[in-house]
Every structure is written in structure tokens, then in C-alpha cells.
Amino acid sequence: MNSTLLFFNRRVRKTPYSNRVEEAGVTAYTVYNHMLLPTLFDTPESDYWHLCQHVQVWDVSGERQVELNGPDAAKLAQLMTPRDLSKIDLLQGKYAPICNADGFILNDPIIIKLAEDRYWLSIADSDVRFFAQGLAQGYGLDVKVFEPDVSPLAVQGPKADDLMARVFGEKVRDIRFFRGEMLEFQGVEMYVARSGWSKQGGFEIYMPEWSLGEALWDELFANGEDLNVRAGCPQGNERLESGLLSYGNDMDEYDTPFECGLDSYIDFDANIESLSLPTLRAMIGKQTRKLVGLAFDRSPAMPPSRLGGSDIEIDGEIIGEIRSQAWSYRHNKNLAIAMLPLSYINQNHSITIDGQTSAFHPIPFNFDKKEAMTYFQC
Ligand code: THG
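Conventions adopted
Residues numbered from 1 in each chain as written. Predicted model: local features only at pLDDT ≥ 70, side-chain atom pairs only at ≥ 80, totals over all residues. Heavy atoms only, no water. Helix = DSSP H or I, 4+ residues; strand = E, 2+ residues; numbered from the N terminus. Rg over C-alpha atoms; globule rule 2.2 N^0.38 Å. Buried < 20%, exposed > 50% of the residue type's maximum accessible area, 1.4 Å probe, protein only. Contact = heavy atoms within 4.5 Å. Areas by Shrake-Rupley, 256 points an atom, 1.4 Å probe, with all protein chains shown as cover. Near = heavy atom within 4 Å. Polar contact = N/O pair within 3.5 Å; in protein donor to acceptor, adjacent residues only side chain to side chain. Nonpolar A, V, L, I, M, F, W, Y, C, P; charged D, E, K, R; others polar. Salt bridge = Lys/Arg side-chain N within 4 Å of Asp/Glu carboxyl O. Pairing = 2+ DSSP bridges. Axes fitted to C-alpha atoms, helices over the stretch in contact; angles between N-to-C directions.

Participant: I would appreciate a short explanation of the overall build of the protein in the present structure.
Facilitator: The helix and strand inventory of the protein stands at 9 helices and 21 strands. For 378 residues, the compact-globule estimate of 2.2 N^0.38 gives 21 Å, and the protein sits close to it at 21 Å. The proportion of buried residues among the 378 residues of the protein is 56%. In the protein, 65% of the contacts between residues at least 6 apart in sequence involve partners at least 24 apart. Here the protein has roughly 17,100 Å² of accessible surface; of this, 48% comes from carbon and sulfur atoms.

Okay, here's the thing in C-alpha cells:
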């Protein structure tokens, strides 16, 4: 199965950077929003340490934009999320769960305000566009919903500021977290934000013309030789250490924000028209499960679960599921994100799987802090 080739067609799209990604020696892909997303270049360990020490250019075109464009754009954006968007500034991004009327999570995009009547939802892997179109139709809103020709390129790692300053100018250094500027490359304006799916720092360039992709890629590499720039990609080991959740892996449309720790992004008291907010308010205190972090000395042997994770079986009963796991090169532990019943978490101070025991950790893990390894009570 691992060596089976992926067949390309219109449902599995290449990106503006695909030629460069191939030339850079990509060794594995996944498919994200119907588009290729690189997952490995060298070994996971070398990809990881390089990201933490230098600067990488990532083809994250699969983080597609859903554009809401028209007089009712702000109204539609707010309907889709229980996070208050009323005070979002121009060119600011907000990480915001998208929830349906039953309070389940449909996606966890970054919502960006480009103009009073123009928003982008920079989406994770699910077809948010159709949900948005349905709401627009049902509510009779004056707004167009479509996928623009925008393919984000992320520049991540501790040397990202230096590389970006050389290509886009010194002003990039002043951009704050989840804020952005319209900056020019070869005469074309593009939204550049300080964001990205790692905790190593960096930017995302929302590149708006397919035909400019290779030129932008080449310019970053031409300017980054002495910074040891390399092609990279969202990195499973780093993101688990950093506690960034992956929609479709750690959570999906059968989970609520409470269960996934995303309730911190809900503005329960806001006076806003959000489809899910009334339901979510009524759900407070009723959750029965929660995502927790686990840390083992090695990867536990476990049966696969139906949806591709690993079933957690205790005394012959499946009580939960490990949804993601990866080795932490920094902490020398196998880290996992698991969905477990609150009753189990609160009655036991740890869990033993395949002979290995882990405490329940918050997500993100807090190994570096003093309270590391303390028990986690919900
Ligand atoms: N960048 C862009 N689009 C994206 C992602 C991205 N779409 C898909 C996916 N990633 C969306 N999911 C996330 C998850 C976490 C974060 C961003 C996007 C993130 N979280 C910070 C954290 O958890 O510390 C900050 C959240 C906050 O407090 O506002 O960065 O990466 N363009």
C-alpha cells in the first residue's frame, strides 16, 4: 500500500508550486482540499530539526480560500462561526471554528477580513464552500461564495523574518501575529500574514496568480542560500509537540468544540447572529469526552480504529481512540492526541496501553513549564 502511486486527475489537483516541490525532492504527499500537500522531503527527523533551526518554504496551496464577497459577506462569515468577528480589523486573521446548527465542527479555518465586503476563510480539509453557499441561499444573502486563485506559500522557521525581509522588504518584521499587509511581488499585491502551521515562527504568502508561483518560489530560494533555506511542509512531529490540531485527524464533524478544547474560541456572551451559538450555549457543561495529550516512551502497539486512528481498549472495551501520534525528537517521547471519556480521565490519573503508562496532558503539551507532568482534571 505504501508504494502505490497516486493517480492524478481533476479531483486531485497539482499546485502552482508542484514542479518546484518535485525538483526539491518531495518523497510523500497527502491530499488536502482535493489538492496535493507534501508531507515529507528527507527523513521526519531531518525535516523537523531543519524547521526548528533554519527556514523552510512550504507549499500549502491546499489551504484553499473560501471567498465571501458582497454586501452580506460579514453576516455570512459570522453565521458560520461562534467566534465574535465584529471587532476583527482589516487584514487581521482569526482562528475560528466553523460549526453547524447542531454545534459540531465542520472546519477550523483562519478567517481573514480583506475589506468590509470581502472575507477569506483559509480552510482545513473539508468542503466549507458548500456549507457557505447553502447558508447564503437559505438566508437570502447578497454574497458570492467561491474559491479564488490563491495558493498560500508558507515561510516557516526562526530565520523566516530575515528571508521575508529580503524578498518583501523590512516592513515584514513589524507584522504582528495573525496580522497581515498587502505587499508587492513583481508588481502584484498579495496578502502576507504572520501565521503558519508551526510554532517556529514565520509567514504565509497568499499568492494570487497561479502563473507567479514558480517565480515566487525561486525568489525565496535565491535569497535564502546563506540562511540554509529548504523546501519543507507541515511537519507531523513539530505540530504535535506544538499542539496544533489537524481537522479530519484529531477532530471532525462528529465532535464539538468542547470536546476538542476549541471552546476557548467561542464568544458565548457576544451579541452576534451565529448559527451554532444558541446550541453551543446550551451544551455548556454537558460534554462527556475530551481530547487529551498522551506521552509514552515508545509507540504503543494498538489495533487500528475504523476511521484510521487506533482504538484504545481497556479491560476488553473500546473506550476511546488515539487520533494522531508522532515521536517528539525534543522530548524523546511518543506523543499522542486521544479522545477519551471524561469519566475515565477524572477517575484515573493515567492510562496504560500496551504496557506503557501516560498521564493526561493538556493540549498543547506543557513539558517546558514548571507544572509539566501534573495531572489533568477536566
Ligand atoms: N494557515 C492557513 N490556513 C490554514 C492553516 C494555516 N488552514 C488549515 C489549517 N491551518 C487551519 N487550522 C489551524 C490551526 C491552528 C492554527 C492555525 C490554523 C494556529 N493556532 C495558533 C495556536 O494554536 O497557537 C493560534 C490560534 C489563536 O490563538 O488565534 O496558528 O496554518 N492560512
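Right, picking up where we left off after that structure.
Participant: Could you clarify how one ought to interpret the site of the ligand in this entry?
Facilitator: The local shell around the ligand holds 17 residues, among which Asp108, Ser122, Lys199, Glu204 and Tyr206 are the closest. Serine 122 has a polar side-chain atom sitting 2.8 Å from a nitrogen atom of the ligand. One of the side-chain N or O atoms of glutamate 204 is found 2.8 Å from a nitrogen atom in the ligand. Alone, the ligand offers 640 Å² of accessible surface; in the complex the protein occludes 86% of this. Residue composition of the shell around the ligand, grouped by class: 11 nonpolar, 2 polar and 4 charged.

Participant: Where do I start with the pattern of salt bridges in this structure?
Facilitator: Note that side chains of opposite charge can pair when their charged atoms are close. All chains considered together, the criterion is met by 24 salt bridges. The shortest N-O distance in the salt bridge between arginine 118 and glutamate 67 comes to 2.9 Å. Of this pair, arginine 118 sits in strand S9 (residues 118-122) while glutamate 67 sits in strand S4 (residues 65-69); the two residues are 51 residues apart in sequence, bridging distant segments of the chain. Beyond isolated ion pairs, a larger network of salt bridges with shared partners links Asp255, Glu259, Arg289, Glu321 and Arg323.

Participant: I'm lost on the pairing of strand S1 (residues 28-32) in this one. Help?
Facilitator: For a regular strand, side-chain orientation follows a simple rule: the groups alternate between the two sheet faces. Two strands pair when backbone bridges link them, and S1 and strand S2 (residues 35-40) are joined in this way by 5 bridges, in the antiparallel orientation. Bridged to tyrosine 32 within S2 is methionine 35. Taking the residues that link successive antiparallel strands as the turn, the S1-S2 hairpin has 2 residues, and the phi of asparagine 33 there is positive, at about 50°.

Participant: Got a minute to help me understand the environment of valine 155 in this structure?
Facilitator: Note on placement: valine 155 falls in strand S11 (residues 151-156). By relative accessible area, valine 155 is classed as buried at 0%. Along the sequence, valine 155 and serine 242 sit 87 residues apart, while their C-alpha atoms lie 17 Å from each other. Apart from residues no more than four positions distant in its own chain, valine 155 is found in contact with Val55, Gln56, Ala160, Leu163, Met164, Gly201, Gly202, Phe203, Ile205 and Leu220.

Participant: Would you mind going over the sheet that holds strand S17 (residues 310-314) with me for this structure?
Facilitator: Adjacent strands of a sheet form backbone hydrogen bonds with each other and so pair up, either parallel or antiparallel. Sheet architecture is open: 4 strands sit in the order S16-S19-S18-S17, paired in antiparallel fashion. Edge positions in the sheet fall to strand S16 (289-296) and S17, since each of these pairs with one other strand and no more. Put simply, the sheet's adjacent strands are angled 35° from each other on average, direction ignored.

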